[in-house]
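Structural features, examined
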Amino acid sequence: MDFNLTEDQRAIEDAARAFAAAELAPHSARWDEEKHFPVDVLRKAAELGFAGLYVRDDVGGSALSRLDASIVFEQLSYGDVATAAFISIHNMASWMIDRFGSDELRRRYLPRLTTMELIASYCLTEPGSGSDAAALKTTARKDGDSYVLNGSKAFISGAGTSDVYVVMARTGGDGPGGVSTFVVEKDTPGLSFGAQERKMGWNAQPTALVNFDDCRVPAENRVGEEGQGFKIAMAGLDGGRINIASCSLGGAGFALDTAKSYLETRKQFGRALKEFQGLQWRLADMATELDAARLMVRRAAHALDNKDPKATQYCAMAKRFATDAGFEVANQALQLHGGYGYLRDFPLERIVRDLRVHQILEGTNEIMRVIVARELFRA
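Conventions adopted
- Residues numbered from 1 in each chain as written.
- Predicted model: local features only at pLDDT ≥ 70, side-chain atom pairs only at ≥ 80, totals over all residues.
- Heavy atoms only, no water.
- Pairing = 2+ DSSP bridges.
- Helix = DSSP H or I, 4+ residues; strand = E, 2+ residues; numbered from the N terminus.
- Buried < 20%, exposed > 50% of the residue type's maximum accessible area, 1.4 Å probe, protein only.
- Contact = heavy atoms within 4.5 Å.
- Salt bridge = Lys/Arg side-chain N within 4 Å of Asp/Glu carboxyl O.
- Core = buried A, V, L, I, M, F, W, Y, C linked by side-chain atoms within 4.5 Å.
- Phe/Tyr/Trp six-rings, centres within 6.5 Å; stacked < 30°, edge-to-face > 60°.
- Axes fitted to C-alpha atoms, helices over the stretch in contact; angles between N-to-C directions.
- Parallel < 35°, antiparallel > 145°, perpendicular 65-115°, else oblique.
- Left-handed = near helix turned anticlockwise from the far one by under 90°.
- Nonpolar A, V, L, I, M, F, W, Y, C, P; charged D, E, K, R; others polar.

For a regular strand, the rule is simple: side chains alternate between the two faces of the sheet. In this structure, strand 2 (residues 139–143) lies alongside strand 3 (residues 146–157), joined through five bridges in antiparallel fashion. Looking at strand 3, one finds that Ala140 is bridged to Leu149. The hairpin formed by strand 2 and strand 3 contains two residues between the paired strands, and Gly144 there has a positive phi angle of roughly 65 degrees.

See below:
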């Protein structure tokens, strides 16, 4: 068991860290304030291979491991959580096409997805089916050499801006076995978008409803076989949970470093805050929780890379622990700043807002507990 990164992984980490410092961190506060989606910067990230991290290289992907991707997302989110998280979603959607799509579908979309000439969104959640994702109501009725989609998807990152939507829709009966997956292009007649949601955080990426009204999609845009869609969606989420957990690590790491610097420079009662043992202990606990979370995330990534039968359980455990720990570290960092932490002139309140949603998306942390319990009793 070797906990050290390889030379290649350290090079990947350095590249992601440098990109975050140069292209994300200087603009993070403004993007949040102005609700700006930095597509131009996303495409710069793609030039470094960050848009197709674990997509195969015959279509322009980087063909890296899930552990490599986790390292990248942790470093990117140190610079800006919301932007890094969107890149993770784009990677998840692209991988689903790469892993389960036909060769024709892969070659039609992935060379442009890996450069982010095309931007991708993942469409599973609906207004009436969140945690109970298998109860989705969006339908895809076969009609000749096409499918006709009707329904709505909720809380879709990139909605209205993304060019490609990887959509789960019902082609058969109730339950997971009746779901299939489709690639839907933005300009398809019958595809429309709701108003942009007004959110607590993640303001540097758009979020809206995606609506399908007799939206006709070519049959060759189906990903995998009919009835395979729910399994495809869940396979995507195993990796997505590692990614979003990694984004929590990066955001929390920034909060921890910011708090450490504040304790070193702020004085009260004639002493630097770092000299108070109670505050030392709090910072020590924050660092310990963050390190434990990182170990869990990297173990889960390693399990997914090696097709470990417990990979789904490890991914759920890591997502639950790392997103809870990440939010708590950021919240404690805000508390250590006192009133200054609550001001928008300081970065901590933005980190707290951005990290909070990680406990909800890619499966709520309550659903992570359901998955872990299910796997325990299956053993």
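Attention now goes to the side chain of Glu126. Residue placement: Glu126 occurs in the loop between strand 1 (120–123) and strand 2. A relative accessible area of 6% places Glu126 in the buried class. Other than its neighbours up to four places away in sequence, Glu126 contacts Leu136, Lys137, Thr138, Ser152, Lys153 and Ala154.

Enumeration over the complete set of coordinates arrives at 27 salt bridges. Between Asp14 and Arg17 there is a salt bridge, with its nearest N and O atoms 2.9 Å apart. Taken together, the residues span about one helical turn, with Asp14 and Arg17 both in helix 1 (residues 7–24) at a distance of three residues. Assessed through its relative accessible area of 42%, Asp14 is described here as partly exposed. For Arg17, a relative accessible area of 38% puts it in the partly exposed group. Across the pair Arg106 and Asp103 runs a salt bridge whose closest N-O atoms are separated by 3.1 Å. Of the two residues, Arg106 and Asp103 are both situated in helix 6 (residues 103–113); the distance of three residues between them amounts to about one turn of the helix. When its relative accessible area of 3% is taken as the criterion, Arg106 is described as buried. Judged by relative accessible area, which is 43%, Asp103 ranks as partly exposed. Salt bridges sharing common partners tie together Arg56, Asp58, Asp98, Asp103, Arg106 and Arg107.

With respect to the helices, strands and loops of the structure, Phe276 is situated in the loop between strand 10 (271–272) and helix 8 (277–305). Each C-alpha atom of the pair Phe276 and Leu263 lies 9.3 Å from the other, and the pair is 13 residues apart in sequence. For Phe276, the contacting residues outside a window of four places in its chain are Gln268, Phe269 and Arg271.

What follows covers the nonpolar core. Grouped together as the largest cluster of nonpolar side chains are 102 residues, with contacts concentrated most on Leu76 and Tyr122. In terms of residue count, the dominant contributor to this core is helix 7 (residues 229–265) (16 residues). When sequence neighbours within four positions are dropped, the list of residues in contact with Tyr122 reads Ile89, Met92, Met96, Ile156, Val166, Met168, Ala233 and Leu237. The next biggest cluster of nonpolar side chains, apart from the first, holds 18 residues, and it includes Ala140, Phe182, Phe212 and Cys215.

Taken together, the nine bridges between strand 3 and strand 7 (residues 207–218) define a ladder with antiparallel strand orientation. Considered in strand 7, the bridge of Ser152 is made with Asn211.

Once that is clear, we can look at the environment of Phe327. With respect to the helices and strands, Phe327 occurs in helix 9 (residues 311–336). Taking the C-alpha atoms as reference, Phe327 lies 8.5 Å from Ile351; in sequence the two are 24 residues apart.

Attention shifts here to the packing of aromatic side chains. A complete count under the given rule lists eight aromatic pairs for this structure. Taken together, a centroid distance of 6.3 Å and an interplanar angle of 85 degrees make the contact between Phe19 and Phe50 edge-to-face. Of the two residues, Phe19 sits in helix 1 while Phe50 sits in the loop between helix 3 (39–47) and helix 4 (66–79), which places them 31 residues apart along the sequence. Phe19 gets classed as buried once you look at its relative accessible area, which sits at 7%. Both rings, one in Tyr340 and one in Phe346, keep their centres 5.4 Å apart while their planes meet at 45 degrees; by these two values the pair is tilted.

This part takes up the packing of helix 5 (residues 81–100) against helix 6. Relative orientation of the contacting elements helix 5 and helix 6 amounts to 155 degrees, with a least axis distance of 9 Å. Considering their axes alone, helix 5 and helix 6 lie roughly antiparallel with respect to each other. In this structure, helix 5 meets helix 6 at a crossing whose hand is left-handed. Counting all contacts with helix 5, which are made through His90, Ser94, Ile97 and Asp98, the residues of helix 6 involved are Leu105, Arg106, Leu110 and Leu113. Across the contact of helix 5 with helix 6, the residue classes break down as four nonpolar, two polar and two charged.

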